[in-house]
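The lines below spell out each chain.
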Amino acid sequence: MDRVLLRRRGDAVAVHEADGTVTEVPADGLPALVRARAGVRWVWDDTTRWYPALLAAGVRVERCADLRLCAAVLRRSPYAGPDPAEDPGWAALEPVTAGDPALFDLADPADALDPVAEDRRQQAVLAASPQRARLGLLLAAESSGALAAAEMTHTGMPWRADVHDRLLTGLMGPRPAAGMRPPVLEELAGEVRAALGTPDLNPDSPAVLLRALQTAGLPVEDTRSWTLERFEHPVVAPLLEYKRLARLLAANGWSWLDTWARGGRFRPVYLPGGVVTGRWASSGGGALSVPVQVRPAAVADDGWCLVVADVAQLEPRVLAGMSGDTALADAARSADLYAGMVDAGVVATRAEAKVGVLGALYGGTRGESGRMVPRLARRYPRAIGLVEEAARAGERGAVVSTLLGRGSPAPGAAWAERDADLGEAPEPGGRDSDRARRAWGRFTRNFVVQGTGAEWALCWLADLRNRLWRLGEGRLGKGRLGDARLRDARLEERPHLAFFLHDEVVVHTPAGLADDVVAEVRAAAGTAGRLLFGTFPVDFPLDVAVVRSWADAG
DNA sequence: CCGCTTTGCGCC
DNA sequence: AAAGGGCGCAAAGCGG
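What counts, and at which threshold
Residues numbered from 1 in each chain as written. Chains lettered and ligands numbered in written order. Predicted model: local features only at pLDDT ≥ 70, side-chain atom pairs only at ≥ 80, totals over all residues. Heavy atoms only, no water. Helix = DSSP H or I, 4+ residues; strand = E, 2+ residues; numbered from the N terminus. Buried < 20%, exposed > 50% of the residue type's maximum accessible area, 1.4 Å probe, protein only. Lys, Arg positive; Asp, Glu negative; His and termini not counted. Charge placed at Lys NZ, Arg CZ, Asp CG, Glu CD. Near = heavy atom within 4 Å. Polar contact = N/O pair within 3.5 Å; in protein donor to acceptor, adjacent residues only side chain to side chain. Nonpolar A, V, L, I, M, F, W, Y, C, P; charged D, E, K, R; others polar. Pairing = 2+ DSSP bridges. Expected span 1.5 Å × (residues − 1). Core = buried A, V, L, I, M, F, W, Y, C linked by side-chain atoms within 4.5 Å. Contact = heavy atoms within 4.5 Å. Domains from an automatic or database assignment. Phe/Tyr/Trp six-rings, centres within 6.5 Å; stacked < 30°, edge-to-face > 60°. Axes fitted to C-alpha atoms, helices over the stretch in contact; angles between N-to-C directions. Parallel < 35°, antiparallel > 145°, perpendicular 65-115°, else oblique. Left-handed = near helix turned anticlockwise from the far one by under 90°. Arc of directions from axis to C-beta. Salt bridge = Lys/Arg side-chain N within 4 Å of Asp/Glu carboxyl O.

Caption draft 1: Spatial organisation of the overall build of chain A. Helix and strand counts for chain A come out as 23 helices and 13 strands. Each of the three principal axes of chain A carries a C-alpha extent, and together these read 80 × 55 × 50 Å. Counting the 554 residues in chain A, one finds 49% classified as buried. Taking the 66 positively charged and 71 negatively charged side chains of chain A as two groups, their mean positions are separated by 3 Å.

Structure below.
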């Protein structure tokens with residue numbers, strides 16, 4: 001496959017071919033060049049600096065290598081090892097977003113880096129890796145994720161502001177003037193003030209509210225809703241309702257609509273590789289926590305629908321695969337892994353199975369979770385052994401790795417942070433440091449599973465992205481649009497990814513292709529399983545729904 | 001006045 | 001009923 005590197009040269013772009021020849025095109029000629037060369041893997045410093053403009057010009061890229069993201073993976077990977085030859089500028093390079101001043105900055109730090117040398121270095125590191133196949137897959141998946149992320153920001157999630165507005169109005173009354181409370185919230189605030197005998201109380205202030213609650217005789221140390229729920233007092237009901245609505249107003253109210261859901265689309269900014277485990281982070285709009293409450297506003301365009309798919313119990317299935325635990329994989333043969341554990345007689349109830357598995361993944365030690373884990377360890381020694389070993393490694397300060405070779409950060413500054421998080425003064429005798437060590441062990445325990453789960457999801461997304469494109473190609477070519485339109489059919493005119501969150505995707509598709517999309521979503525999950533675990537028999541069943549509104553899924 | 005931290009809560 | 005991992009965000013609070 002051709003590997004062609006693009007490099008900015010003032011107003012032009014230098015095009016470096018695999019055979020070493022270099023040509024230059026003016027920047028505005030790039031979309032045509034990229035469109036003309038299907039099948040190329042485009043190598044560039046950072047997808048966020050190249051791809052949005054191509055998408056805006058109607059050009060979709062099939063493959064790329066994102067040197068920034070790949071450098072970050074290699075920097076920490078135990079399959080690569082530290083490379084003193086890396087220019088530290090790569091570690092300092094930040095992604096950019098539209099409207100970001102850095103985009104228009106003449107002194108973009110990316111331009112001081114040498115992508116040709118960096119690509120050569122990365123290829124050499126990969127070639128020397130003892131786990132070349134896995135690490136190569138991870139780099140490809142990470143880069144593909146960068147493409148998918150840019151595409152989803154470009155196309156956005158269909159979002160009906162009118163539906164969202166009706167929903168808000170129905171819950172809290174009409175939109176108030178800036179800085180005022182909506183009527184229902186004002187009313188609830190009044191009830192809270194009356195119940196506490198504090199006519200001037202601002203319920204938005206936790207400190208003030210806490211003092212008022214204590215003065216009213218409630219023995220609380222904080223104002224969290226699950227703390228309040230424990231008490232019978234006239235203030236509890238209106239206060240909980242106030243908090244629920246105030247939260248919705250602040251996080252996904254009218255100002256969120258104004259800012260993030262303009263033009264009929266919600267366009268979050270995804271940050272691939274933004275979490276140490278390899279999960280994506282997001283910036284702006286709170287894409288990682290779109291409350292169930294507002295999902296009715298995500299409605300497909302007329303004549304289109306949403307295909308919503310999520311993986312049931314991704315992490316325990318991934319654990320079965322990476323540990324080669326056939327007993328756990330047997331339980332995972334069931335569409336409900338927890339039910340599979342009950343059927344196998346490991347635990348008595350589904351609830352026990354769930355709490356036990358979560359305890360194993362997160363390091364739960366107390367309560368029912370702590371009691372369940374030893375039972376699971378007897379039945380699933382390889383799976384539990386893998387996470388226990390990851391925890392022990394973290395406790396002694398060692399680095400752990402995902403299946404494909406994403407390395408955990410070394411403990412160091414983070415240990416000090418963890419101590420600070422616990423909010424306790426250092427004690428002589430090492431109790432705090434033991435506590436920090438165990439906390440780090442819980443992190444590394446979870447890292448290997450969460451991180452490998454993120455790798456599965458990346459492979460799923462990458463394969464699905466290509467399948468959706470081809471699906472659009474075939475149907476548009478044969479069908480309604482005809483050959484002339486085919487070449488010009490943009491991403492947003494075909495079935496496309498609209499949203500992604502850890503283990504869930506939403507595809508926006510012409511209604512007539514929905515069944516094909518469902519098949520492709522399932523096929524892509526099969527691909528991801530084989531890419532990570534080969535022939536090891538672990539299933540990744542999906543819950544899939546074809547709906548008009550996101551709220552109708554699940 | 002700004003910018004950072006804390007609090008509380010949404011998601012997987 | 002809460003616990004155990006990972007996040008982002010808004011408002012309030014606070015220090016400079």
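Caption draft 2: Expanded view of the protein's contact with DNA strand B. Around DNA strand B sit 18 residues, and of these T223, R247, R279, L288 and D503 come closest. Contacts to DNA strand B include R295, whose side-chain N or O atom sits 3.4 Å from a sugar or linking oxygen. Residue assignment for the surface near DNA strand B shows that the elements contributing at least two residues are helix 11 (225-228) and helix 12 (236-252). Split into classes, the residues belonging to the surface near DNA strand B amount to 7 nonpolar, 4 polar and 7 charged.

Caption draft 3: Region of the structure containing the pairing of strand 1 (residues 3-9). Here strand 1 pairs with strand 4 (residues 41-44) via 3 bridges, running parallel. Directly across from L5, in strand 4, lies its bridge partner V43. Strand direction decides the pairing type here: strand 1 and strand 2 (residues 12-16), joined by 5 bridges, are antiparallel. Within strand 2, the position partnered with L5 by the bridge is H16.

Caption draft 4: Expanded view of helix 23 (residues 514-533). Between the first and last C-alpha of helix 23 there are 29 Å, a value that for 20 residues agrees with the 28 Å anticipated at 1.5 Å per step. Just past helix 23, the residue G534 takes up positive phi, approximately 55°.

Caption draft 5: Structural detail: the nonpolar core. Counting 113 residues, the largest nonpolar core has W159, M341, W456, W460, F499, F533 and W550 as the members making the most contacts within it. If you tally residues by element for this core, the top one is helix 21 (residues 431-478), at 14 residues. With sequence-adjacent residues up to four places away left out, F533 is seen in contact with V318, G321, M322, L403, T452, W456, V538 and F540.

Caption draft 6: Spotlight on the domain arrangement of chain A. Here the domain parsing of chain A yields domain 1 (3-154), domain 2 (161-258), domain 3 (267-313 + 454-552) and domain 4 (315-452). Between the C-alpha centres of domain 1 and domain 2 the distance comes to 47 Å.

Caption draft 7: Structural detail: the pairing of strand 3 (residues 22-26). As paired strands, strand 2 and strand 3 are joined by 5 bridges and run antiparallel to one another. Paired with H16 across the two strands is V22, which belongs to strand 3. Joining the antiparallel neighbours strand 2 and strand 3 is a turn of 5 residues, in which G20 adopts a positive phi near 100°.

Caption draft 8: Fine view of the side chain of T527. Turning to its location among the elements, T527 is positioned in helix 23. The exposure class assigned to T527 is buried, which follows from its relative accessible area of 17%. Beyond its immediate stretch of four places on either side in the chain, T527 contacts D463 and R467.

Caption draft 9: Quick look at the packing of aromatic side chains. Tallying each qualifying case throughout the model produces 14 aromatic pairs. Note on W159 and F266: the rings are 5.7 Å apart at their centroids and 70° apart in plane angle, and the pair reads as edge-to-face. Remark: F266 occurs in strand 7 (residues 265-266) and W159 occurs in the loop between strand 6 (157-158) and helix 8 (161-172); sequence separation between them is 107 residues. Look at F533 and F540: their rings are 6.0 Å apart centre to centre, the planes differ by 10°, and that puts the pair in the stacked class. Note on F533: relative accessible area 9%, which makes it buried.

Caption draft 10: Local environment of the side chain of T47. Within the secondary structure, T47 is located in helix 2 (residues 47-56). When neighbours within four sequence positions are excluded, T47 is seen to be in contact with P52, C64, D66, A146 and L147.

Caption draft 11: Examining the packing of helix 3 (residues 67-76) against helix 6 (residues 115-127) more closely. Where helix 3 meets helix 6, the axes come as close as 11 Å, and the angle between the chain directions of the two elements is 40°. Judged on the interaxial angle alone, helix 6 and helix 3 are oblique. Relative to helix 6, helix 3 is oriented so that their crossing is left-handed. For the pair helix 3 and helix 6, contact is made by L67, C70, A71 and L74 and by P115, E118, D119, R121, Q122 and V125, respectively. Its residues assigned to classes, the contact of helix 3 with helix 6 comprises 6 nonpolar, 1 polar and 3 charged.

Caption draft 12: Molecular detail of helix 10 (residues 206-215). Buried within helix 10 are the following residues: L209, L210, A212 and L213. Within helix 10, the buried residues cover an arc of 165° as seen down the axis, which keeps them to one side. Away from its buried face by more than 90 degrees, helix 10 exposes R211 and T215. Residues of helix 10 that are buried sit in contact with helix 9 (183-196), helix 11 and helix 12.

Caption draft 13: Broad picture of the pattern of salt bridges. The final tally for this structure, using the stated rule, is 34 salt bridges. Here R406 ties to E142 by a salt bridge, and the two come within 2.8 Å at their closest N and O atoms. Residue R406 is found in the loop between helix 19 (381-395) and helix 20 (413-422), and its partner E142 is found in helix 7 (residues 132-155); the two are separated by 264 residues along the sequence. Given the relative accessible area of 7%, R406 is considered buried. Between E241 and R244 there is a salt bridge, and its shortest N-O distance comes to 3.3 Å. On the criterion of helical spacing, the pair formed by E241 and R244 is a turn pair, its members being 3 residues apart in helix 12. A residue is classified by how much of its surface remains accessible, and E241, at 31% relative accessible area, is partly exposed. Here R244 falls in the partly exposed class, since its relative accessible area comes to 38%. Because the salt bridges share partners, they merge into one network encompassing D46, R49, R68 and D108.

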